[in-house]
Structures are given as C-alpha cells and as structure tokens.
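Chain by chain, the residues:
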Amino acid sequence: MPRTINWPTRAEWQEKAEQAEYTSCFPRERVSSSPSDWLTAAEIKEGRKLSAKVVRATRIALGKADRISDRDDMNDWNRRALDEDADVDAVASGWWHIARYARFADVLSESADRLTALADAMRQARDEAAEEATKKEVAEAVARRATDAAWDKELQRRARIETRSAARDHHRARGQHIHSE
C-alpha cells in the first residue's frame with residue numbers, strides 16, 4: 001500500500017521559512033571562524049604575549065604547589081589556543097582556561113583578566129556578526145519563499161520525493177530490495 005505524504009500548503013510552507021532558516025545551522029556557522037576576523041592584529045599579538053607570560057608564571061606556581069595534572073591541563077589548553085588552525089572557540093577557550101589556572105595559582109591576575117577580556121571580546125564580536133547574518137539570511141529566505149519560482153522548485157522537489165517513495169514501495173511490495181539514491 002503506497003504511503004502518502006501530507007505536504008504543507010503553499011501558505012504553510014511560506015510561514016515556515018523563518019523557522020527553516022533559523023534551524024538550518026548554528027548562527028556562528030554563518031560567519032568566519034578565524035580569530036583575525038574578530039580581533040585586530042595588535043589584540044591577537046597582545047593575547048599571545050599575555051598567554052605566554054601567564055603560562056610561564058602559572059606553570060611555576062602549579063609545579064611548586066605539586067598540581068602537576070592542573071599544569072598539564074593548562075599546557076593542553078595553551079597548545080589548542082596556539083594551533084595555527086585554531087578557530088575563535090579554540091583560542092577563546094584556551095585563553096579563558098589559562099586565565100582560570102592563573103587565578104587559581106594566584107599569579108598575574110591583571111594579565112589573566114586582560115586575557116579573559118580579549119577572549120570575551122573576540123567571541124562577542126563573532127556572535128554579534130552571526131546574529132546579524134542570521135537575521136539577513138532569514139529575511140532573504142522569507143522573501144525567496146514568497147516567489148512563484150521558489151514554489152515551483154519546491155513542487156519539483158516534492159515530485160522527486162514522491163517518485164522515489166513510490167518506487168521503493170513498489171519494490172517492497174514485491175519483496176525486492178532497492179537502495180535509495
């Protein structure tokens with residue numbers, strides 16, 4: 001027995017454009033993930049210098065406190081932040097965790113605070129741009145779905161799905177196995 005698909009009407013399909021675009025990906029996937037797009041070259045250089053300075057001082061303090069596992073964890077976060085392919089989240093998380101370990105070891109608190117501020121500024125700039133990009137793409141999707149051309153394309157997509165579904169149902173009814181495309 002063939003299955004029927006309960007497709008939304010054109011009006012319902014158009015109403016769902018906003019939700020479809022919002023849920024198509026995470027907002028941060030709509031913008032660059034490169035730290036250099038969200039901090040100036042001077043800020044990135046400052047962050048790297050601060051990170052190196054804070055890591056050196058914190059390693060010593062954690063070693064003296066016999067907190068070797070914390071020191072190793074901090075080193076791992078530092079490696080992630082320094083990776084040449086590190087994205088905004090890797091750099092910001094690395095700097096944030098380095099600052100956290102420095103505060104725990106009670107060393108260079110002002111440098112740790114600045115490192116955290118740079119990490120927060122980078123994420124905030126990226127997130128604000130991502131929200132703007134999302135709003136723009138949602139508006140474009142809503143406008144696109146209001147056109148006859150988009151509706152025709154949607155009807156063609158549905159026809160392809162119906163055809164594949166009918167072929168699978170036919171082969172299932174005959175006990176044959178068919179791979180989907």
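Structure: see above.
Below is a short write-up of the structure. (Residues numbered from 1 in each chain as written. Predicted model: local features only at pLDDT ≥ 70, side-chain atom pairs only at ≥ 80, totals over all residues. Heavy atoms only, no water.)

**Some words on the environment of I161**
Stage number 1. Within the secondary structure, I161 is located in helix α7 (residues 148–173).
Stage number 2. In this structure I161 comes out as partly exposed when scored by relative accessible area, which is 24%.
Stage number 3. Counting along the chain gives 156 residues from I161 to I5, while the straight-line C-alpha distance between them is 9.4 Å.
Stage number 4. Other than its neighbours up to four places away in sequence, I161 contacts I5 and W7. (Helix = DSSP H or I, 4+ residues; strand = E, 2+ residues; numbered from the N terminus. Buried < 20%, exposed > 50% of the residue type's maximum accessible area, 1.4 Å probe, protein only. Contact = heavy atoms within 4.5 Å.)

**A short note on the packing of aromatic side chains**
Stage number 1. Evaluated as defined, the whole model comprises one aromatic pair.
Stage number 2. Between W13 and W151, the ring centres sit 5.3 Å apart and the planes meet at 55°, which makes this aromatic pair tilted. With W13 in helix α1 (residues 10–15) and W151 in helix α7, this residue pair connects regions lying 138 residues apart in the sequence. When sorted by exposure, W13 lands in the same class as W151, which is buried.
Stage number 3. A cation over a ring is seen here: R28 above F26, with NZ or CZ 5.3 Å from the ring centre. (Phe/Tyr/Trp six-rings, centres within 6.5 Å; stacked < 30°, edge-to-face > 60°. Lys NZ or Arg CZ within 6 Å of the ring centre and 35° of its normal.)

**Quick notes on helix α5 (residues 88–105)**
Stage number 1. The first and last C-alpha atoms of α5 sit 26 Å apart over 18 residues, in line with the 26 Å expected at 1.5 Å per residue.
Stage number 2. At its buried positions, α5 is contacted by α3 (41–64), α4 (68–82) and α6 (109–145).
Stage number 3. Looking at where α5 begins, the residue whose side-chain oxygen comes 3.2 Å from the main-chain nitrogen of D89 is D87.
Stage number 4. Immediately beyond the C-terminal end of α5, within one or two residues, lies D106, with a positive phi of roughly 60°. (Expected span 1.5 Å × (residues − 1). Polar contact = N/O pair within 3.5 Å; in protein donor to acceptor, adjacent residues only side chain to side chain.)

**Observations concerning the nonpolar core**
Stage number 1. One finds W95, I98 and M122 to be the most contacted residues of the largest nonpolar core, which totals 29 residues.
Stage number 2. Counting only elements with at least two residues in this core, the list comes to α3, α4, α5 and α6.
Stage number 3. At eight residues, α5 tops the list of elements feeding residues into this core.
Stage number 4. Apart from the residues lying within four places of it in its own chain, the contact partners of I98 are S51, V54, V55, M74, N78 and L115. (Core = buried A, V, L, I, M, F, W, Y, C linked by side-chain atoms within 4.5 Å.)

**Some details on unusual backbone geometry**
Stage number 1. A positive phi is found at D66, a non-glycine position, where the angle reads about 60°.
Stage number 2. Structurally, D66 can be placed in the loop between α3 and α4.
Stage number 3. Since its relative accessible area comes to 60%, D66 is described here as exposed.
Stage number 4. Even without being a glycine, L108 presents a positive backbone phi close to 45°.
Stage number 5. Along the chain, L108 turns up in the loop between α5 and α6.

**Looking at the side chain of S51**
Stage number 1. Relative to the assigned elements, S51 resides in helix α3.
Stage number 2. Looking at S51, the relative accessible area reads 1%, which means it is buried.
Stage number 3. Of the polar contacts made by the side chain of S51, one reaches the side chain of N78; its length is 3.2 Å.
Stage number 4. If sequence neighbours within four positions are ignored, S51 has contacts with N78, W95, I98 and L115.

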